[in-house]
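Each chain, written out:
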Amino acid sequence: MRALLHAATDWLAQSSLQVEENVRWERMPPAWLVVLVILPLVVLYAGYFYRREPISGRQWWRWLLAGLRILAIVFALALLARPLLRRTTYETRDSTILLLVDDSLSMDIADRYSDRQVSSRLAQLLDTSVEGIESTTRYDLVRRLLADSRIGVLEKLREKGKVAVATFARSVKEVGKAPRFRSEELPAAAPTLPEDVLPPYGDVRNDPRVQETRIAEGLDEAVEWIVGSGFGREEERVSGVLLFSDGQENAGSGSAADVARWLGERGTPVYTIGVGNPEDPRDVRLSNLDVNDVVLVDDQVPLDVTIISDGFEGESVWLTLKIDAVTVRRTTVVLEGGGKKQTARLEHRPEKPGELTATVEIEKLAGEVFYDNNSVSKTIRVLDEKIKVLYLENLPRWEYRYLKNALIRDATMEAQVYLFSADPGFVQESSKGVPSLVRPPQDRADLFRFHVVILGDVLPGDLGPELMSLLKEFVSEGGGIILIAGRHANPSKYVYQDLFALLPVEVKEEDEFGASGLEAFVEDFHVQLSAVGKEHPIMRLVSDRERNIVLWEGKETRGDILPGFYRYSRVEQEKAGAIVLARHPTDLLPLQDRGRPIFAYMNYNKGMSFFSAVDDTWRWRAGVDNLFLGRFWGQVIRFVATGRLLGKTPRFAVTTDKPVYNIGETVVIDARVFDASMKPSTEKTVTLYHQMQGSEGEPPGKIELSLSSVKSPGAYEGALVAAQRGRHDIWLGTETERSAFHSFSVEIPALESRDPRLRRDLLQQVASAGGGQYLDLHEVQKAVDGVQGLSRSQAGLVDRDDLWDEWWILVLFT
């Protein structure tokens, strides 16, 4: 492109010059006066005097002298008319042919055609294979076309006039200009155009302007760029526009057809060249993989993957689970299509501890828009230990009876239960092989050996201030706590206690469980899942997403739903930073159009707390035993246990401000680092590693995070640009060991990916209105032949030479 830009320095100088000379008279009388009056008078005057003049000898002397006098008088009169020599330089100026290329994000799509003739014609044009065409993005196809000297698009256009190249999306970006190629004027060794006429898309992708397309504004701005390059002289003339685009006009207020019509009426035809696949978009993609970050050896680990498909309704495809690139499970899924979300569950039982990468892949189908979204991966840590659970309860209510049975029967857990209302001689229950408690934990060592504490309806007086303070420290340093509302204490009695800080919801002291609700709500109710709750693995009781929502919300027949709840704690709104998974469907918060929280969780420093406003999930056992009860509470326990399960490396944490980004957005990274003694790190920087999933063979990138001066101690911050579509991993540790790990996704913005079809109809309207022609990319030669260059002469420099005021004129007259 540099050579093209250097050639543009001759943009205005490139012309064909001609000089025209003529004599002008500044004071010449009208021609009729000269011919009819002045010249006859001069002749009569000279003839009259020389006729009377006596001349001896021959008469021809008389006429010779008369003629000389006539010439002298005419010469003098000519000088009085002030003759001047005028030299006018005429410049023949070439018109400009504009190549306007769409570089929006929808042009970063590699199309796959069900009509193989289309890809075959493109392969023939570009001298490559069909596979090569279908693996090349739309933008790169145009870039390759313009750089191909064998096709010679730019060279042929330069023979007709000057050529300007620009790209457009939200706005126009000028690429360069080249003068007209005149073989008779340029030396034989004149350099050819460079191969990189358009910049690589990697230099374009992160530009915010490419996130939307405005064809109308692009046409208008690009032509104005050329017309305005005359620099005070007569405007440049654009003799034609070749517009390369997929026709995805998703922003802007103007009409591209109106702009093209305006150009066509002024002699600038618009040729549109369509790039892309005009068929309805067909794609199958995996958008999310829900699985706990930490699992246990021999635990049956559910992996729930979300599938979205368009254009493949009713087709059966293979879904494959790979563990460290080895296939461990396959199943078939029938695609619903229509852009609907559907969920499939795969299960895996890890046999040894360590870190593994779980990858779910869905079969690649012919004609898909993308293939790189047919898989999703997540790194999982497998621990060879059981989850240690402490369950503290007051009275043996029904929730307690069935929940503690589920805990002590779970082979992946070591549960110990303490019932405060039990007689002194009562043997507290626990998992097989685990000793019974004789008292609740008394000190830090007793409490911190557990991963999760379930706190039932226990009075603050039974717990005591020391244990409540220890529970707060326990969660703050990575422990998990589950608070289950009750009739007597939880959560209303915790308002002025240390435990209040652990509640994800606001509570009023006077709102006791059931005090005002039992009589009013004699019928059961079903919760309303929040947007997060519909996708969260905690709430996934069955693999099918839609059926799972129906189970919770009870919008179908009785046989397909969970038994409802009869009572609940009327808590206030969630605290800042808390996540609500389910709400009451009708009991709305004051002055708000949303129900009171039923299930919610929040992070508390390095730990996590979960709150349940109901205590009758035990009713879910009807007809299915512990199927839903055990699954729900097991998922909750595993979720909140993550901090303590990672107790071997609790010193690090890394997160991003969002889970999904558009290409070009800034990913804000937040990290927490503690030293070996669990004190906040004071190092000025820490190294973060970044790698895109699927590129594990390449070394990861490094990003330096800086110690924050305004956030909490040990907090680091940094950022990176979301430059490439797909799943990305970031971690603290080393290149090969991940002490703290996080993933995020990068996607094409909704405006550009909503409908990636080639819009032939729009481009045909633009071409028709502009007096040009619509052509597919493989027909580009017709556009090159159709557009014409124009040349026109323009008067340039005018030079004046006063002939009457020259010395040689005086000598001649004398």
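Right, let's walk through the structure included here. What you are looking at is a predicted structure, and each value in this text was computed from that prediction instead of being measured.

Looking only at helices and strands, the protein chain features 19 helices and 33 strands. Across the protein chain, the fraction of contacts at a sequence separation of at least 24, relative to all contacts at a separation of at least 6, is 73%. Carbon and sulfur atoms form 51% of the exposed surface of the protein chain, whose accessible area is close to 38300 Å².

Taken together, the side chains of Trp32, Val35, Leu36, Val37, Leu41 and Leu44 present a nonpolar region at the surface, about 650 Å² in accessible area. Its location among the elements puts Leu41 in helix H2 (residues 31–52).

The relative placement of two packed helices is expressed as an angle between their axes plus a distance between the axes. Where helix H9 (residues 256–265) contacts helix H17 (residues 760–769), the two axes come as close as 7 Å, and the packing angle between them is 20°. Of the possible angle classes, the one that applies to H9 and H17 is roughly parallel. Handedness of the H9/H17 crossing: right-handed. Of H17, the residues touching H9 (which contributes Ala256, Ala257, Ala260 and Arg261) are Gln765, Val766 and Ala769. A class-by-class count of the residues in the contact of H9 with H17 yields 5 nonpolar, 1 polar and 1 charged.

Overall, antiparallel pairing links the 3 strands, which are arranged S8-S10-S13 in an open sheet. What marks the edges here is a single partner per strand, and that holds for strand S8 (283–290) and strand S13 (341–348). Between one strand and the next, the sheet's axes are offset by a mean angle of 30°, whatever the strand orientation. Examined bridge by bridge, strand S10 (residues 301–310) and S13 share 8 bridges and lie antiparallel to one another. Residue pairing across strands places Val305 opposite Ala344, the latter belonging to S13.

Further remarks concern the sheet that holds strand S21 (residues 579–588). If you walk across this open sheet you meet the 8 strands as S17-S16-S18-S19-S23-S22-S21-S20, and the pairing is mixed. Two strands close off the open sheet at either side, each with one partner strand: strand S17 (413–419) and strand S20 (528–529). For strand S16 (residues 387–393) and S17, the ladder comprises 7 bridges, and the chain directions are parallel. Residue Leu392 lies in a different strand from S17, and its bridge partner there is Tyr418. This element, helix H12 (residues 460–476), spans S16, strand S18 (452–455), strand S19 (480–484), strand S22 (595–604) and strand S23 (607–612) of the sheet and lies at about 135° to S18. Sheet strands in contact with helix H14 (residues 627–640) are S16, S17, S18, S19, S22 and S23, and its direction is about 155° off that of S23.

This paragraph deals with the packing of helix H8 (residues 215–227) against H9. Where H8 contacts H9, the two axes come as close as 7 Å, and the packing angle between them is 30°. One element, H8, and the other, H9, form an angle in the roughly parallel class. The crossing of H8 and H9 is left-handed. Every residue of H9 that contacts H8 at Ile215, Ala216, Leu219, Asp220 and Val223 is listed here: Ala256, Val259, Ala260 and Leu263. Considering only residue class, the contact of H8 with H9 consists of 8 nonpolar, no polar and 1 charged.

What follows deals with the layout of surface pockets. Each pocket or cavity is described by its volume, and for the second largest pocket that value is around 650 Å³. Lining the second largest pocket are 32 residues, and of these Asp410, Gly630, Arg631, Gly634 and Arg638 lie nearest its centre. Contributing elements (two or more residues each) for the lining of the second largest pocket: S10, S13, helix H10 (398–409) and H14. Looking at which element gives the most residues to the lining of the second largest pocket, the answer is H14, with 9 residues. Class assignment of the residues belonging to the lining of the second largest pocket gives a composition of 15 nonpolar, 7 polar and 10 charged.

A few words on empty space enclosed by the protein. Scanning the model with the defined rule gives 3 cavities of 30 Å³ or more in all. Quantified by volume, the largest cavity comes out at close to 80 Å³. In terms of lining residues, the largest cavity is bounded by 13 residues, among which Asp111, Asn277, Glu279, Pro281 and Val369 are the most central. Classifying every residue of the lining of the largest cavity by side-chain character gives 3 nonpolar, 2 polar and 8 charged. What lines the second largest cavity is simply Val295, Val301, Leu303, Ile323, His348, Pro350, Leu356, Ala358, Ile380 and Val382.

As judged from the 2 bridges shared by S20 and S21, these two strands associate in the antiparallel manner. Each residue of the ladder has a partner; that of Leu529, found in S21, is Ala582. By the bridge criterion, 5 bridges tie S21 to S22 in an arrangement that is antiparallel. When the sheet's bridge partners are listed, Arg583 is paired in S22 with Pro597. Hairpin connection of S21 to S22: 6 residues between the antiparallel strands, including Leu591 at a positive phi of 60°.

Moving on, we get to H14. Compared with the 20 Å implied by 1.5 Å per residue over 14 residues, the 20 Å span of H14 between its first and last C-alpha is a close match. H14 sits mainly inside the fold: 11 of its 14 residues count as buried. Every buried residue belonging to H14 is among Phe628, Leu629, Phe632, Trp633, Gly634, Gln635, Val636, Ile637, Arg638, Phe639 and Val640, and all of these are buried.

Under the counting rule described, the total for this entry stands at 23 aromatic pairs. On the numbers, 6.4 Å between centres and 85° between planes, the contact of Phe610 with Trp633 is edge-to-face. Within this pair, whereas Phe610 is found in strand S23, its partner Trp633 is found in helix H14, the two being separated by 23 residues in sequence. Trp633 carries the same exposure label as Phe610, and that label is buried. One aromatic cluster is present, formed by Phe525, Trp552, Phe565, Tyr568, Phe599, Phe610, Trp620, Phe632 and Trp633 through successive ring pairs. A cation over an aromatic ring shows up here: Arg444 above the ring of Phe448, its NZ or CZ 4.1 Å from the ring centre. In this arrangement the basic side chain of Lys575 is found over the ring face of Phe500, its NZ or CZ atom lying 4.0 Å from the centre.

The rules we used
- Residues numbered from 1 in each chain as written.
- Predicted model: local features only at pLDDT ≥ 70, side-chain atom pairs only at ≥ 80, totals over all residues.
- Heavy atoms only, no water.
- Helix = DSSP H or I, 4+ residues; strand = E, 2+ residues; numbered from the N terminus.
- Contact = heavy atoms within 4.5 Å.
- Areas by Shrake-Rupley, 256 points an atom, 1.4 Å probe, with all protein chains shown as cover.
- Patch = residues over 30% accessible without salt bridge, like charges linked within 9 Å, V, L, I, M, F, W, Y side chains within 5 Å.
- Salt bridge = Lys/Arg side-chain N within 4 Å of Asp/Glu carboxyl O.
- Axes fitted to C-alpha atoms, helices over the stretch in contact; angles between N-to-C directions.
- Parallel < 35°, antiparallel > 145°, perpendicular 65-115°, else oblique.
- Left-handed = near helix turned anticlockwise from the far one by under 90°.
- Nonpolar A, V, L, I, M, F, W, Y, C, P; charged D, E, K, R; others polar.
- Pairing = 2+ DSSP bridges.
- 1 Å grid on protein atoms, 1.4 Å probe; cavity = no way out; pocket = protein on both sides within 12 Å on 5 of 7 lines; lining within 4 Å.
- Points joined across faces, edges and corners; volume = space filled by probe spheres on them.
- Expected span 1.5 Å × (residues − 1).
- Buried < 20%, exposed > 50% of the residue type's maximum accessible area, 1.4 Å probe, protein only.
- Phe/Tyr/Trp six-rings, centres within 6.5 Å; stacked < 30°, edge-to-face > 60°.
- Lys NZ or Arg CZ within 6 Å of the ring centre and 35° of its normal.

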